[in-house]
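Report on the structure
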Amino acid sequence: MLHIYNGDSTANTARSSTIPGEHFAFRESLITGPTPAGLAVDDWLHLRAGHLAEAYGGTQDEIERDLRRQEEILATYREHDEVVLWFEHDLFCQLHLISLLNWFSTRDLRKTKLTLVCVDKFPGIENFRGLGELNPIQLASLLDARHEITPAEFASAAAAWAAYCAPEPDQLEQFPHDNSSPLPFLVTALRAHLARFPSVQNGLGRIEQVLLTLVHQSHKEFTDLFSRFGEQQPIYGFGDSQVHLTLKSLSAGRVPLLTQHGYESGSHFSKSSFEITGAGLSVLQSEADFVQLNGIDGWLGGVRLAADDYWRWDETKQKIVRG
């Protein structure tokens, strides 16, 4: 039995539990950086390694080797009677889940059974964030709740992954939003992803908007910002690295919206704090537009955002429109 977990914390807990089998932590951050469709495996791994190295540190060669090793471990599925996927309800987890289900959907599973544990709550835990909160006994209690992946779940995951990686967000917007997906948390997660596109109001995605607002409300220390963001927007499943990347983007550019303090080369970003600038206040009040001030150059899934070709999110209409 091979268990695949979304992160080292849960995998380490599982190793000290009564859950039988091999325990493997899936390491990626598909919620950030480019995920364009149609790339060969080698090109995909090279592209993703480049992003991960730039965003999170480390060398591209080392990260690419780790990603290749991860592919090799996944390919051992035929050595197991059962592969169990352990994931959560937030966008971070759901993207990894649908990418893996899409990967397995193109393989001949033969006698290997693919099963899933995916939860958004646990008895006795208020404001449940994820499997990493559970102790070994609690985690092991979920094993019997797993179910075998159905053809409908494979199809829904493959369609969702294709939409996330598509060069335009039309497919994502057209993905079933009536909760008809057999994967119960997928629709809500993908709608939260659409809200990451620059707003028609001021050019900020929802994540940037929330963090800028928190700083304006005097939550200036990084640890406080990270905690409060998680409380307000648990749907994204952001770790501290993703929150810091967002704050860093608001502190850079031609016209910074934030000023970062206490962060120098070699120090850890957890010691940093932030102040809102005059431009940041103007954008927050929708008197100015972040994209117009700073341009745009980045990716959201498979969508390339550039100054002359990008999309915006209309929160009122709940629709994606051209920038």
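Everything discussed here concerns the structure shown above.
Residues numbered from 1 in each chain as written. Predicted model: local features only at pLDDT ≥ 70, side-chain atom pairs only at ≥ 80, totals over all residues. Heavy atoms only, no water.

Things to note about the overall build of the chain
- Of regular secondary structure, the chain possesses 13 helices and eleven strands.
- At 20 Å, the chain has a C-alpha radius of gyration in line with the 20 Å of a compact globule built from 323 residues.
- Counting only C-alpha atoms and orienting by the principal axes, one finds that the chain spans roughly 60 × 40 × 40 Å.
- Looking at the chain alone, contacts between residues at least 24 apart form 61% of all its contacts between residues at least 6 apart.
- In the form shown here, the chain has an accessible surface area of approximately 15,100 Å², with 49% of it arising from carbon and sulfur atoms.
- Across the chain, the mean location of the 27 positive side-chain charges is 1 Å away from that of the 42 negative side-chain charges. (Helix = DSSP H or I, 4+ residues; strand = E, 2+ residues; numbered from the N terminus. Rg over C-alpha atoms; globule rule 2.2 N^0.38 Å. Contact = heavy atoms within 4.5 Å. Areas by Shrake-Rupley, 256 points an atom, 1.4 Å probe, with all protein chains shown as cover. Lys, Arg positive; Asp, Glu negative; His and termini not counted. Charge placed at Lys NZ, Arg CZ, Asp CG, Glu CD.)

Some words on the packing of helix 10 (residues 222-232) against helix 11 (residues 240-251)
- One way to put it is that helix 10 packs onto helix 11 with a least axis distance of 10 Å and a crossing angle of 110 degrees. It follows from the interaxial angle that helix 10 and helix 11 lie roughly perpendicular. Where helix 10 abuts helix 11, its residues Phe222, Leu225, Phe226 and Phe229 lie against Asp240, Val243, His244 and Leu247.
- Considering only residue class, the contact of helix 10 with helix 11 consists of six nonpolar, one polar and one charged. (Axes fitted to C-alpha atoms, helices over the stretch in contact; angles between N-to-C directions. Parallel < 35°, antiparallel > 145°, perpendicular 65-115°, else oblique. Nonpolar A, V, L, I, M, F, W, Y, C, P; charged D, E, K, R; others polar.)

Side note on the packing of aromatic side chains
- Applying the stated rule across the entire model yields ten aromatic pairs.
- An angle of 25 degrees between the planes, with centres 5.8 Å apart, marks the rings of Trp161 and Tyr164 as stacked. Within this pair, Trp161 and its partner Tyr164 are both found in helix 6 (residues 151-165), separated by three residues, close to a single helical turn. As far as burial versus exposure is concerned, Trp161 and Tyr164 are alike and both buried.
- Site record: aromatic cluster; members linked through ring pairs are Trp44, Trp161 and Tyr164.
- Positioned over the ring face of Trp103 is Arg107, at 3.8 Å from the centre of the ring. (Phe/Tyr/Trp six-rings, centres within 6.5 Å; stacked < 30°, edge-to-face > 60°. Buried < 20%, exposed > 50% of the residue type's maximum accessible area, 1.4 Å probe, protein only. Lys NZ or Arg CZ within 6 Å of the ring centre and 35° of its normal.)

Here we look at helix 9 (residues 206-216)
- Among the residues of helix 9, those classed as buried are Ile207, Glu208, Val210, Leu211, Leu212, Leu214 and Val215.
- Buried residues along helix 9 sit against helix 10, helix 11, strand 6 (258-261), strand 7 (273-276) and helix 12 (278-284).
- Ser218, located one to two residues past helix 9, shows a positive phi value of around 75 degrees.

A closer look at the layout of surface pockets
- Empty space within the largest pocket amounts to approximately 1,200 Å³.
- As for the largest pocket, its lining consists of 34 residues, and the residues nearest its centre are Leu245, Ser249, Asp297, Gly298 and Trp299.
- Mapped onto the lining of the largest pocket, the elements with two or more residues apiece are helix 2 (41-56), helix 9, helix 11, helix 13 (290-294) and strand 8 (297-300).
- Looking at the lining of the largest pocket residue by residue, the class counts come to 16 nonpolar, 13 polar and five charged. (1 Å grid on protein atoms, 1.4 Å probe; cavity = no way out; pocket = protein on both sides within 12 Å on 5 of 7 lines; lining within 4 Å. Points joined across faces, edges and corners; volume = space filled by probe spheres on them.)

Here's the deal with unusual backbone geometry
- Positive phi outside glycine occurs at Arg110, with the angle close to 50 degrees.
- Note that Arg110 resides in the loop between helix 4 (91-105) and strand 4 (113-119).
- Despite not being glycine, Asn127 has its phi angle at roughly 50 degrees, a positive value.
- The residue Asn127 is located in the loop between strand 4 and helix 5 (136-140) in this model.

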